[in-house]
Amino acid sequence: MTERLFKVIIIGDPTVGKTSFVQRYVQDSFRRDYKGTVGVDFALKILKWSDSETIKLQLWDIAGQERFTWMTRVYYKDAQGCIIMFDLTNRNSFLNTLKWKKDVDSKCTLEDGSPIPCMLLANKCDLPHRQVDQLEIEKLYKEHNFTGWTETSAKEGLMVTDSMRFLVDVMMKQK
Ligand code: GDP
Ligand code: MG
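This one's a predicted model, so the numbers in the text were calculated from it and none came from an experiment.

Brief notes about the pairing of strand S6 (residues 118-123)
- Within S6, 6 of the 6 residues are buried, which leaves it mostly tucked inside the rest of the structure.
- As paired strands, strand S5 (residues 81-87) and S6 are joined by 6 bridges and run parallel to one another. Counterpart to isoleucine 83 in the pairing with S6 is methionine 119.
- Once you follow S6 into helix H5 (residues 134-143) and on to strand S7 (residues 148-151), the crossover reads as right-handed.

This is the structure we're talking about:
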């Protein structure tokens, strides 16, 4: 049995649903080990990937420090995958995903120097009154080299597991 450990960071503007997404994804095994010093919540998800492979995902969730850039280098260090999330009903949070992507790419690379895989998640798809349409998301995802994008609802549990599976698949293939 081989075991792989991946560090995945979840970023995006405040209130887009990052913590709800992590909680939904890890369900029972969610541990709120709050690290006040770096403003981070950690959660661990263990996946049985195949008969011979187990994956440990260490999910890093910024705990209300989204506007403090002083902690980001620590936060980004050695991350192998990234989720950038916005809220479909909050246009600003969509526009800011570019800022987050640039921040990740400038502070974090894989060992070979390439950017880390980054999923763009359009959360709160269960809500009416969207402020962002699919064509815009598609365009941004393509032009800024995201690994993939999908709508999600942390509230309803829509595409939460699937989007993480997609990211894990990419991370597994790159080593
Ligand atoms: P964070 O600041 O990015 O960690 O966001 P939170 O996870 O704390 O969520 C902020 C608010 O949005 C809370 O009131 C959540 O209940 C709500 N929320 C999160 N995800 C969803 C979702 O998919 N749909 C809806 N309707 N509300 C959500
Ligand atoms: Mg949070």
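Having seen it, we continue.
Quick word on the pattern of salt bridges
- Going through the model one piece at a time under the given rule, you end up with 10 salt bridges.
- Here aspartate 105 makes a salt bridge to lysine 101, at a shortest N to O gap of 2.7 Å. One end of the pair is aspartate 105 and the other is lysine 101, both in helix H4 (residues 97-107) and 4 residues apart, which spans about a single turn.
- Exposure remark for aspartate 105: the relative accessible area of 32% places this residue in the partly exposed category.
- Using a relative accessible area of 4% as the deciding quantity, one classes lysine 101 as buried.
- One salt bridge in this structure joins aspartate 169 and lysine 173, with 3.3 Å as the shortest N-O distance. Here aspartate 169 and its partner lysine 173 are both found in helix H6 (residues 160-173), 4 residues apart, which amounts to about one turn of the helix.

With respect to the site of ligand 1
- Near ligand 1 you find 16 residues, and of these Thr15, Lys18, Thr19, Ser20 and Asp126 are the closest.
- Between ligand 1 and threonine 15 there is a distance of 2.8 Å, counted from an oxygen atom to a backbone nitrogen or oxygen.
- Within the side chain of lysine 124, an N or O atom sits 3.0 Å from an oxygen atom of ligand 1.
- Coverage of ligand 1 by the protein amounts to 70% of the 580 Å² it exposes when considered alone.
- When residues of the shell around ligand 1 are assigned to their parent elements, the largest contribution, 3 residues, is made by helix H1 (residues 18-26).
- The class makeup of the residues in the shell around ligand 1 is 4 nonpolar, 6 polar and 6 charged.

Considering the packing of H1 against H6
- Orientation of H1 relative to H6, taken along the N-to-C sense of each, is 85°, at an axis distance of 9 Å. Comparing the axis directions of H1 and H6 gives the class roughly perpendicular. Taking contact as the criterion, the partners of Phe21, Arg24 and Tyr25 in H1 are, on H6, Val160, Thr161, Ser163 and Met164.
- Here the contact of H1 with H6 is built from residues that sort into 4 nonpolar, 2 polar and 1 charged.

Details of the side chain of lysine 101
- A polar contact is formed between the side chain of lysine 101 and the side chain of aspartate 105, at a distance of 2.7 Å.
- One polar contact links the side chain of lysine 101 to the main-chain carbonyl oxygen of histidine 144, over a distance of 3.4 Å.
- Not counting residues up to four positions away in its chain, the partners in contact with lysine 101 are Ile84, Cys118, His144, Asn145 and Phe146.

What to know about H5
- The N-capping residue of H5, defined by a side-chain oxygen 3.1 Å from the backbone nitrogen of leucine 135, is aspartate 133.
- Looking one or two residues past H5, asparagine 145 carries a phi angle of roughly 55°, positive in sign.

So, unusual backbone geometry
- Its identity is not glycine, yet threonine 15 carries a phi of approximately 70°, on the positive side.
- With respect to the element layout, threonine 15 can be found in the loop between strand S1 (2-11) and H1.
- With phi around 55°, asparagine 145 is a residue other than glycine that occupies positive phi space.
- Relative to the elements of secondary structure, asparagine 145 occurs in the loop between H5 and S7.

Rules used in this analysis
- Residues numbered from 1 in each chain as written.
- Chains lettered and ligands numbered in written order.
- Predicted model: local features only at pLDDT ≥ 70, side-chain atom pairs only at ≥ 80, totals over all residues.
- Heavy atoms only, no water.
- Buried < 20%, exposed > 50% of the residue type's maximum accessible area, 1.4 Å probe, protein only.
- Helix = DSSP H or I, 4+ residues; strand = E, 2+ residues; numbered from the N terminus.
- Pairing = 2+ DSSP bridges.
- Right-handed = clockwise from strand over helix to strand, strands pointing away.
- Salt bridge = Lys/Arg side-chain N within 4 Å of Asp/Glu carboxyl O.
- Near = heavy atom within 4 Å.
- Polar contact = N/O pair within 3.5 Å; in protein donor to acceptor, adjacent residues only side chain to side chain.
- Areas by Shrake-Rupley, 256 points an atom, 1.4 Å probe, with all protein chains shown as cover.
- Nonpolar A, V, L, I, M, F, W, Y, C, P; charged D, E, K, R; others polar.
- Axes fitted to C-alpha atoms, helices over the stretch in contact; angles between N-to-C directions.
- Parallel < 35°, antiparallel > 145°, perpendicular 65-115°, else oblique.
- Contact = heavy atoms within 4.5 Å.

On their own, these measurements won't tell you what the molecule is for.
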